[in-house]
Amino acid sequence: MKRKLVSALLVMSMTASLVACGNSNSGSSDPADESVSVSTSSVSDEASDDASSEDDASASASSESEAEGDEAEIPDGYDETSTELYNLTLGDFNEALATAKEAETVDERYALMAVAEAKLMESAMMIPLTSKGGMYAMYRMAPHTKDYSLWGGDQSRYHQYVVTTDFIKAEDYNEMRDKWNELKGTGTYESYVKEYLTEKGYTIKDSFSMPYTSDPVTWDCLATSRAADGDAIVNTFDGLMEYNTEGVLSPALAESYEVSDDGLTYTFHLREGVKWTDSQGREVDTVKADDFVAAMQHMCDAQGGLEYLVQGVIKNVSQYISGEVTDFDEVGVKAVDDYTLEYTLEEPCSYFITMLGYTIFAPMSRSYYQSQGGKFGAEYDASASDYQYGKDANSIAYCGPYLVTNSTAKNTIVFKLNDSYWNKDNVNIKTLTWLFNDQSDVTKGYTDAKAGTTDYVNLNTSTIETAKADGLYDQYAVVSDTDATSYMGFYNINRVATANTNDGTTAKTTKSDEEVARTSKALQNVHMRRALSFAMDRGAYNAQQVGEDLKYTSMRNSYVPGFFVSLENDTTIDINGTATTYPAGTYYGKIMQDQIDADGVKIKVWDDETKTSDGFDGWYNPENAVEELNTAIEELAEEGITIDEENPIQIDYTYPSAVEVYANKANSYKQSVEAALGGKVVVNLVDTTDLDGWYYAGYYVNYGYEQNYDMYDLSGWGPDFGDPCTYLDTMLPDYEGYMTKCFGIF
């Protein structure tokens with residue numbers, strides 16, 4: 001991989017706040033977005049307070065993986081061009097982010113990161129679209145009865161769900177949701193829910209069925225960054241700590257931990273007697289501290305895309321990956337004895353403990369891995385004939401609540417309770433079933449949920465009317481909660497691929513090579529990107545999926561949600577030469593907005609009255625779009641590019657016609673952009689036919705030169721830990737930023 005070639009110098013220049021992941025796309029496996037609800041991405045969620053939504057996200061984010069298709073040949077001079085274009089478009093952001101990472105306090109760090117994101121938003125390299133959720137749904141699952149967190153992978157764990165045989169009435173669902181806000185942190189909410197539902201006459205069951213849209217490509221959670229992989233695999237293992245249903249980080253495989261006075265050493269004391277089993281439930285080993293050491297080394301060897309989360313954080317991880325350190329004993333993860341695990345950091349990291357809910361800290365049975373042909377260090381070779389680890393669900397070891405008893409591609413995945421699981425007596429869901437839905441039939445999700453084949457449905461514009469006609473809507477429909485996953489629309493400023501690289505024929509542009517290059521040149525102009533962003537009626541776009549009355553509910557106006565962090569202390573920073581003091585309690589989004597206003601860019605990312613970055617459209621403004629377009633036309637004319645009605649800029653927008661809602665969203669995008677920009681920009685709708693073709697246009701590929709679009713809305717990011725850099729570091733240069741590839745660079 002290209003990422004392996006990053007210099008040690010570059011890696012070492014990064015601080016302890018290195019990149020996060022969680023990339024999302026629209027085909028994952030969490031209950032919220034089976035119709036692929038929001039904008040585009042890959043974190044699927046339940047749709048509400050307990051669920052996420054589509055998928056990279058992030059999610060993230062949710063969050064993505066190594067490409068499934070063949071990689072195209074790297075163009076000559078590609079790295080140099082990528083660096084030049086990055087500095088042109090994101091140089092101010094990168095400089096501001098580096099300044100933030102030098103902050104002396106956490107509060108100053110947050111405030112300066114808000115300044116950095118202001119520069120990112122002003123660059124208009126991407127336009128925020130939606131979060132997860134914010135749509136009508138009907139549930140058999142009680143709200144907030146699966147693990148709850150704004151970041152990491154714990155929200156894809158389903159073992160604690162409380163599920164009923166019938167849909168839960170809206171009034172009951174909302175009453176429980178309100179009660180969660182009252183009880184969270186007390187440890188009593190789950191028992192309250194069970195008692196409440198029983199008293200209301202519901203029957204609680206021990207199974208849960210849900211739709212999914214993308215199969216795991218690998219069952220090795222340490223060798224992937226793809227949400228559809230991690231969402232499934234996270235149910236097969238336990239981590240050191242786990243965010244519970246009330247959002248509290250609680251002991252799992254670690255019963256306790258302590259931190260050294262200097263903040264550099266974290267020591268975890270493991271639960272004894274936890275068993276590793278194979279997929280048949282046969283015990284193969286006991287979980288020991290060394291399994292976490294083996295896991296970290298395997299993750300660094302495999303370089304599946306998440307390793308940079310701990311580069312610059314855990315001592316010598318960066319140096320091991322670069323080859324400067326070859327002895328993994330020098331890396332800051334150590335088994336002190338069988339049940340004592342120690343992590344040593346490069347420097348104190350304020351958010352380290354929040355990272356433990358992510359797959360990068362999963363254990364891996366060293367003995368089982370080796371039995372599947374796995375090796376470490378220079379001997380690691382996933383292409384070796386005897387290497388079988390993670391190839392399917394039968395080639396991993398399990399220490400979590402479930403064993404995978406069936407995994408049939410594009411059909412069914414079944415998780416059954418692991419009888420050897422250390423905490424099996426407290427598992428509510430004994431059978432977890434995922435049923436594939438390619439989304440070509442917009443009514444299937446509703447039909448399956450109504451019949452009880454699946455246990456929830458996110459209602460789209462078609463099925464809302466059906467539910468009303470069936471008499472179900474008024475009684476059971478609720479508006480799902482939104483979360484921290486941000487789905488974005490990305491502009492390709494350096495387009496190389498003009499057809500999907502996996503087959504060379506799908507999603508082929510109709511533009512000439514000259515026109516492709518002309519569009520890329522136009523998109524390198526910040527005013528052109530702003531013009532396109534201001535011209536997009538995001539409300540109309542989102543309404544195609546969630547309906548007119550909810551079109552703003554999930555709308556997001558920034559990358560990092562403005563509510564993600566707030567200041568604990570009064571903090572003074574510089575805003576364009578003016579010392580500005582923010583009182584304790586100030587939200588990240590407020591500072592971001594102040595910087596944008598000071599720079600004179602007409603974007604609204606924060607509403608100070610409602611204290612949110614969501615629920616309104618702070619970008620769409622045809623007048624601003626025309627103003628920016630005229631400036632772009634003037635500047636590009638100086639470079640020999642004429643733009644008018646006879647010579648419009650052509651924007652290729654990919655979409656899958658097989659999924660009605662996405663076809664409708666594509667047409668909505670085309671209509672609003674072309675109307676606002678007066679025929680000087682034409683949107684070409686490039687049909688990928690099905691979801692696979694759509695994924696291969698951008699989501700499934702690794703590098704910028706493989707991105708086959710001018711504008712792409714099938715990706716997003718879900719946070720991996722509790723610091724804004726979990727988002728912002730995805731925009732770093734030189735292959736370190738996971739999402740910069742979406743811009744056609746690196």
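Described below are features of the structure shown in this document. (Residues numbered from 1 in each chain as written. Predicted model: local features only at pLDDT ≥ 70, side-chain atom pairs only at ≥ 80, totals over all residues. Heavy atoms only, no water.)

## Overview of the pattern of salt bridges
Counted under the stated rule, the structure contains 35 salt bridges. The shortest N-O distance in the salt bridge between R157 and D154 comes to 2.9 Å. Residue R157 is classed as buried on the basis of its relative accessible area, which comes to 3%. The class for D154 is buried, based on a relative accessible area of 1%. Its salt-bridge partner being D710, residue K511 comes within 2.7 Å of it at the nearest N-O pair. Of this pair, K511 sits in the loop between β21 (486-491) and α13 (513-523) while D710 sits in the loop between α19 (691-699) and β26 (711-717), and the two are 199 residues apart along the sequence. When sorted by exposure, K511 lands in the same class as D710, which is buried. The structure contains a network of salt bridges with shared partners spanning R495, K511, D652 and D710. (Salt bridge = Lys/Arg side-chain N within 4 Å of Asp/Glu carboxyl O. Buried < 20%, exposed > 50% of the residue type's maximum accessible area, 1.4 Å probe, protein only. Helix = DSSP H or I, 4+ residues; strand = E, 2+ residues; numbered from the N terminus.)

## Here we look at empty space enclosed by the protein
In this structure, the second largest cavity spans a volume of roughly 100 Å³. Around the second largest cavity, the lining is made up of 13 residues, and of these C221, F237, P363, Y389 and A397 lie nearest the centre. Within the lining of the second largest cavity, the residues separate by chemical class into 11 nonpolar, 1 polar and 1 charged. (1 Å grid on protein atoms, 1.4 Å probe; cavity = no way out; pocket = protein on both sides within 12 Å on 5 of 7 lines; lining within 4 Å. Points joined across faces, edges and corners; volume = space filled by probe spheres on them. Nonpolar A, V, L, I, M, F, W, Y, C, P; charged D, E, K, R; others polar.)

## Some points on the side chain of D537
Counting through the fold element by element, D537 comes out in the loop between α14 (526-535) and α15 (538-546). Despite its burial, D537 pairs with no opposite charge; the closest candidate is K551, at 5.7 Å N-O. At 3.2 Å, the side chain of D537 and the backbone nitrogen of G539 are in polar contact. Apart from residues lying up to four places away in sequence, D537 is in contact with Y620 and S672. (Lys, Arg positive; Asp, Glu negative; His and termini not counted. Polar contact = N/O pair within 3.5 Å; in protein donor to acceptor, adjacent residues only side chain to side chain. Contact = heavy atoms within 4.5 Å.)

## Some remarks on the pairing of strand β15 (residues 340-344)
By the bridge criterion, 5 bridges tie strand β11 (residues 265-270) to β15 in an arrangement that is antiparallel. Pairing of H269 across the sheet is with T340, part of β15. As paired strands, strand β14 (residues 333-337) and β15 are joined by 4 bridges and run antiparallel to one another. Note on β15: the bridge partner recorded for A335 is L341. (Pairing = 2+ DSSP bridges.)

## Description of the sheet that holds β11
Where strands meet in a sheet, backbone hydrogen bonds hold them as pairs that are either parallel or antiparallel. Taken together, 4 strands build an open sheet; the order of strands is β10-β11-β15-β14 and the sheet is antiparallel. Sheet topology places β10 (254-259) and β14 at the edges, where each strand pairs with a single neighbour. Neighbour-to-neighbour, the strand axes of the sheet open up by a mean angle of 20 degrees, direction not taken into account. (Axes fitted to C-alpha atoms, helices over the stretch in contact; angles between N-to-C directions.)

## Some details on the packing of aromatic side chains
The relation between two aromatic rings is expressed through the spacing of the ring centres and the mutual angle of the planes. One pass over the structure, following the stated rule, counts 49 aromatic pairs. Arranged with centres 4.9 Å apart and planes meeting at 65 degrees, the rings of Y161 and F208 form a pair that is edge-to-face. Linking Y161 in the loop between β4 (136-139) and β5 (163-164) with F208 in strand β7 (residues 207-212), this pair joins segments that are 47 residues apart in sequence. Centre to centre, the rings of Y709 and Y712 are 4.5 Å apart; their planes meet at 10 degrees, and the pair counts as stacked. (Phe/Tyr/Trp six-rings, centres within 6.5 Å; stacked < 30°, edge-to-face > 60°.)

## Here's the deal with the packing of α15 against helix α18 (residues 660-676)
With their axes 8 Å apart at the nearest point, α15 and α18 run at an angle of 165 degrees to one another. Compared by their axis directions, α15 and α18 come out roughly antiparallel. The two elements α15 and α18 cross, and the hand of that crossing is right-handed. Mapping the contact onto sequence places A540, Y541, Q544 and Q545 in α15 and V661, Y662, N664, K665, S668 and Y669 in α18. (Parallel < 35°, antiparallel > 145°, perpendicular 65-115°, else oblique. Left-handed = near helix turned anticlockwise from the far one by under 90°.)

## Considering the packing of α14 against helix α17 (residues 622-637)
The contact between α14 and α17 brings their axes to 7 Å, and the two run at 160 degrees. By the angle between their directions, the pair α14 and α17 is classed as roughly antiparallel. With respect to the hand of their crossing, α14 and α17 are arranged in left-handed fashion. Contacts between α14 and α17 involve H527, M528, R530, A531, F534 and A535 from the first element and P622, N624, A625, E628, L629, T631, A632, E635 and L636 from the second. When its residues are assigned to classes, the contact of α14 with α17 shows 9 nonpolar, 3 polar and 3 charged.

## Some points on helix α10 (residues 444-451)
Taken together, the buried positions of α10 are G445, Y446, D448 and A449. The buried residues of α10 occupy an angular sector of 165 degrees when the element is viewed end-on, so they sit on one face. Elements in contact with the buried residues of α10: β4, β19 (456-458) and α11 (461-469). Where α10 ends, the next residue or the one after it, G452, has phi of about 90 degrees, a positive value. (Arc of directions from axis to C-beta.)

## Brief notes about the nonpolar core
Ranked by internal contacts, the top residues of the largest apolar core, which has 205 residues, are I314, Y343 and M528. When sequence neighbours within four positions are dropped, the list of residues in contact with Y343 reads L240, L264, T265, Y266, F268, F292, M296, I314, G332, V333, F352 and F361. (Core = buried A, V, L, I, M, F, W, Y, C linked by side-chain atoms within 4.5 Å.)

Don't take any of this as a statement about function, it's just geometry.
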